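# Summary of structural features
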Amino acid sequence: MAVDDTRHQISLDGPWDFRHESGVSGTAQVPGPWQAQFAALRHAMGRATYSRRITLPPLAPDQEAVLRFGAVSDRAVVRLNGVELARHEGGWLPFDCPLPAGTGPDSLLEVDCHLPDSTEDFAEIPHGKQSWYGPIGGIWQSVVLEVRSRAHLRHCAIRTTNAGAVRLSLDGEGPAHLTLRDPDGAVAAQSDILLSGLTEASLMVATPRLWSPDDPALYSLEVALPGDLTRHSFGFREFTTRNGRFFLNDQPFHMRAALDQDYYPETICTPPSTAWLEDQFRKARALGLNMLRCHIKIPDPRYYEVADRMGLLIWSEIPNVAQLTEVSSRRLRQTMEGILARDGNHPCIVIWTLINEDWGTRLCEDASHRAWLAQTYDWLKQRDPTRLVVDNSPCQGNFHVKSDINDFHYYRSIPERRAEWDALTAEFAAGAEWTYSPFGDAQRRGDEPLVVSEFGVWGLPDPTQVRLHGAEPWWMGTGGTWGDGAAYPHGIQDRFDELRLARSFGSFDGFIAQAQAYQFANLKYEIESMRAQAPIQGYVLTEFTDVHWESNGLLDMNRNPRSFHQAFAQVNADVVIVPRVAHYAGWAGEVLPLGLCIASGGVSLPAGEIEWRMEGQGGVLPAPAAAALSVVDTAGLALTLPGDGGNRMLRVDLTYRAGGQVMARNHVELALYRRPDARWPSVSAPPALHPALLALGVPLADPDSAQVRVVQVLEPSDIRAMQDGARYLLLADGSNGCALRSDPPRREPPGLTWVDGQSGLPPGREAQLPNMNQVARHGTMWRGDWIAGFSWIRREGAFAALPGGPVIDLSFDRVVPHHVLTGFRTWEFGGPVLAGVVVGWIHKPAALIAERRIGRGWLLASTFRLFGDPPGQDPVATPLLHALLSTAASLKPDPGPARDSP
């Protein structure tokens, strides 16, 4: 509610005296949570008191003074000169505190704040991501002392239709003059009305300008009572669904959104300034985003005000509880009522979410929770029919009951889990049953738009760009309990140095660049695959900015852009050229099919053409006309890959023109391989591998004369042969489970049976040659979901012939290991480990290719899957096998004396 000088406001922001029950005291800046200001209170909940002197200006007989709090977390007791004035519960919403008549001009204002902890009822209060990133306590939004007329407007709710109707619900007393002004300030309508408590009124605007991202036209309503004038901003906007599609002002709309946690580098949840919000929203628009999903919190009201002005749609959510009870259910509904009262007039808000990922509810186990969810959906639709409502925004293990949008969350890393991503996306696009309750109580209409409402992977920020005042930010010391420890940022460069990763990445900056390139490649592929599915009407990528240790943002915590900032808008656009590529690698001189389609987004497109360019080649491909929100196929390309030169990465640039305009640009990166022309080492191998090796031209020999012995599991005789000088390639690709050796190791004393039915303890990784363990990635942080694992191959020796790198790219999707090798010391990652993986902020190092001396001989072990396709079909598998065999053959046996026979 904006006001003019009929209401005199004195800001109480600034320094307040502060003391926490733990004994920490000092000066606190208001607004701002105490966790952002006192290092000793970073994770503190409990009770604290803020105090300051205030001066009350003289009041006329018809005036009153009131304290207006934007938000205090979570409970507040307000006292003036030791006398309690008010109590408030709920840490996200505003409340007023009238001052009693006769208040002196100089008074002591005290606010007792209480944020309950786990020993109290924290689980039953709407707390949102405080359970992730840390608690938020104290006066975190602005405080003003307001002098106003006793006969003032208490509330104004505005609803519009795009036909020009303006329906008002006004709470006040006395005669009021209503003036409605258009975006240029001209009077568009006016009326006189007598207010008597809650009063309904209406106005009409002929041919209103509709609010949209392209034209965020804002109207204002002036409500003038005797001695009281208020102004209220609103817009004409309708966001609807029809036949599985979104429409904004009856125009087709494709959602391109990002999750926004609304956290800030120094102030946690308090925006540093309006200018800061404007800057980050400009960056959102530059990235091609047309919506932000403000995630399970209620932001500072400036957030919505700036989004209104800048034309950014907002999907907003109630902060979740941890346990649904009668008390927490009441608090959730009260919170939603408060959201509607404070924020209901904002045209930018188009969607509400009640629950995220079943947090607080137990939809699978409790039918009453499912009933509550459907009833609460109905209640909110009745309270606000102008917006869409999502009941539960689900992920694996939970579902919808009754919703306006059929959305779902899933995370998969690419190339590690490309096949799973593609399968999930295809199932979802086909209207998978697993998005709704399987218990017979789903109220699915069947025409709800499909939205992948969370997806993406981590990159990493440049640590030098997230420093604050020249020092590492405090939040880099958090996150240790997430991702099995992989989310802990502090010491990342030390871990990089300790693991000798500079040998593979050149420098720490090189590693950060590769991590960001990996993130972009993932987002690009996943967006393109969703855009290729016409039923999917939008997506919400995770996320807009990094949040403390959670490093999957398009911007870092300080709002610095990633390295792909400029390129991202080409794929995150309304109209997109979508490549359909079966395999991102090809043989030199051969033909590689490249399917191409056009995803039209919210516009209809006439027939056009796609121009393509690749290393001097090029041409033009006709593109058919496309209706809005459709996907149209072209004839595609049959690319003849260059037959000269070495292995390298190829870039195919694509430009789509229609109606005389460039509508979209995109590119595809392919790995070009020449078939190995160097000699293959002679090998011995298990009979099962003979057909594939012979088809590749690998000469087979008996073990004693072979240059390299290839095995898929080690027998005791193999260990003895290595000790005597033999060279081995161990293909630990999972075909033998997770056993590197055929003989199980002896177990250690004592011989008690604990869990697995066997006595004794299993030996450590150094108890048996080859002193390494094979571990399945599935079920571990190496699997590759939300927190990315960065898999790399050092491009040295025989592996220098592999194009790209060092992080493996989409061309490796057919050979990506499903297992890792553990048991290596940190120093070995700069030497004997030739390929490996690190997770998140460089944690959990493991090997994918490693060499190890065994006696006088050598072992080279690899977990890459090289025999999943017919021999010679995969352009990556064959050169990778050649590099492995060449490396193994180059290992020099120790010429020392032979091992003594036992």
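Anyway, here's the lowdown on the structure attached to this text.

About the thresholds
- Residues numbered from 1 in each chain as written.
- Predicted model: local features only at pLDDT ≥ 70, side-chain atom pairs only at ≥ 80, totals over all residues.
- Heavy atoms only, no water.
- Pairing = 2+ DSSP bridges.
- Helix = DSSP H or I, 4+ residues; strand = E, 2+ residues; numbered from the N terminus.
- Expected span 1.5 Å × (residues − 1).
- Contact = heavy atoms within 4.5 Å.
- Axes fitted to C-alpha atoms, helices over the stretch in contact; angles between N-to-C directions.
- Parallel < 35°, antiparallel > 145°, perpendicular 65-115°, else oblique.
- Left-handed = near helix turned anticlockwise from the far one by under 90°.
- Nonpolar A, V, L, I, M, F, W, Y, C, P; charged D, E, K, R; others polar.
- Buried < 20%, exposed > 50% of the residue type's maximum accessible area, 1.4 Å probe, protein only.
- Polar contact = N/O pair within 3.5 Å; in protein donor to acceptor, adjacent residues only side chain to side chain.

### A look at the pairing of strand β3 (residues 14-20)
Sheet topology places β3 next to strand β4 (residues 25-30); six bridges connect them, and they run antiparallel. Its bridge partner lying in β4, D17 is registered against T27. Hairpin connection, β3 to β4: the antiparallel pair is bridged by four residues, and G23 has positive phi, about 105°. Relative to strand β5 (residues 46-55), β3 runs antiparallel, the two sharing four bridges. For R19, the partnering residue across the bridge sits in β5 and is T49.

### Considerations on helix α6 (residues 418-429)
An ideal rise of 1.5 Å per residue puts 16 Å on twelve residues; α6 measures up with 16 Å between its terminal C-alpha atoms. Elements that come into contact with the buried residues of α6 comprise β27 (406-409), β28 (450-455), α9 (508-531) and β29 (536-541). Immediately downstream of α6, the backbone of G431 shows phi near 80°, a positive value.

### Quick notes on the packing of helix α2 (residues 274-286) against helix α3 (residues 301-310)
For the pair α2 and α3, interaxial distance at closest approach is 10 Å and the crossing angle is 45°. Regarding the angle of α2 to α3, the classification is oblique. In terms of crossing hand, the pair formed by α2 and α3 is right-handed. Contacts between α2 and α3 pair T274, L277, E278, Q280, F281, R282 and R285 from the former with R302, Y303, E305, V306, A307, R309 and M310 from the latter. Classifying every residue of the contact of α2 with α3 gives six nonpolar, two polar and six charged.

### Comments concerning the side chain of E64
Along the polypeptide, E64 turns up in strand β6 (residues 63-69). For E64, a relative accessible area of 16% translates into the label buried. Ignoring any residue separated from it by four or fewer positions in sequence, one finds E64 in contact with L59, E146, V147, R148, S149, R150 and H152.

### Quick look at unusual backbone geometry
Residue D74 is reached from S73 by a cis peptide bond, and omega for that bond is -10°. Tracing the sequence through the fold places D74 in the loop between β7 (72-73) and β8 (75-80). Omega for the peptide link from I414 to P415 comes to 15°, which places this bond in the cis form. Within the element layout of this structure, P415 appears in the loop between β27 and α6.

### A word on the sheet that holds strand β22 (residues 255-260)
Read from one edge of the open sheet, eight strands run β26-β25-β24-β23-β22-β29-β28-β27, paired in parallel fashion. Edge strands, defined here as strands with exactly one partner in the open sheet, are β26 (388-393) and β27. Sheet twist, expressed as the average angle between the axes of neighbouring strands with direction ignored, equals 25°. Looking at chain direction, β27 and β28 are connected through four bridges and run parallel. Across the sheet, residue D407 finds its bridge partner in β28, namely V451.

### As for the environment of D74
Note on D74: relative accessible area 3%, which makes it buried. In this structure, the C-alpha to C-alpha distance between D74 and H88, residues 14 residues apart in sequence, is 8.3 Å. Other than its neighbours up to four places away in sequence, D74 contacts H88, E89, G90, G91, H114, L115, P116 and I125. Polar contacts involving the side chain of D74 include one to the side chain of R75, which spans 3.3 Å.

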